[in-house]
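Now for the letters of each chain:
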Amino acid sequence: MTYLLLSAPFVVAALVLFGIGAAHAGYRRDLRRYLSAWGASTAVLLVLTAVFDNIMIAAGFFDYREGGISGVRIVLMPVEDLLYPIAGALLLSGVWQLLDAAREPGGRSDA
């Protein structure tokens, strides 16, 4: 089994939850803030993942078998490693939006 196939169900589930959160944000007229917060947090997570995965692989903490990856690497890190922070950011953004929507039944509060 490849790392891409292993990650796919998590990414799909996270996309579904992110889409539900986006629908709620759109309903609350908060979609722009929702997407910009997701974009900023995803960018930070991707940079941190790229830096620290490469450091850990270079230090010999772990590596990946060649048959399990696409072969595309960012320095030492396989590109598939970026799916984990993307899925995490999608999932957490969706959950955060849904929890916020449940907490404020009357809509967005600017207080």
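Keep in mind that this is a model prediction, so the values were computed, not measured. (Residues numbered from 1 in each chain as written. Predicted model: local features only at pLDDT ≥ 70, side-chain atom pairs only at ≥ 80, totals over all residues. Heavy atoms only, no water.)

Caption draft 1: Focus on the packing of aromatic side chains. One pass over the full model with this rule turns up four aromatic pairs. With 5.3 Å between their ring centres and 50° between their planes, Phe18 and Trp38 make a pair best called tilted. Of this pair, Phe18 sits in helix H1 (residues 3-27) while Trp38 sits in helix H2 (residues 31-58), placing them 20 residues apart in sequence. On the basis of relative accessible area, Phe18 is assigned to the buried category, the value being 11%. On the basis of relative accessible area, Trp38 is assigned to the partly exposed category, the value being 24%. (Phe/Tyr/Trp six-rings, centres within 6.5 Å; stacked < 30°, edge-to-face > 60°. Helix = DSSP H or I, 4+ residues; strand = E, 2+ residues; numbered from the N terminus. Buried < 20%, exposed > 50% of the residue type's maximum accessible area, 1.4 Å probe, protein only.)

Caption draft 2: Just H1, in detail. For H1, with 25 residues, the first-to-last C-alpha span of 36 Å sits near the 36 Å given by 1.5 Å per residue. Residues of H1 that are buried include every one of Ser7, Val11, Ala14, Leu17, Phe18, Gly21, Ala22 and Ala25, and no others. At the exit of H1 stands Arg29, carrying a positive phi of roughly 55°. (Expected span 1.5 Å × (residues − 1).)

Treat this as a map of the structure, not an account of what it does.
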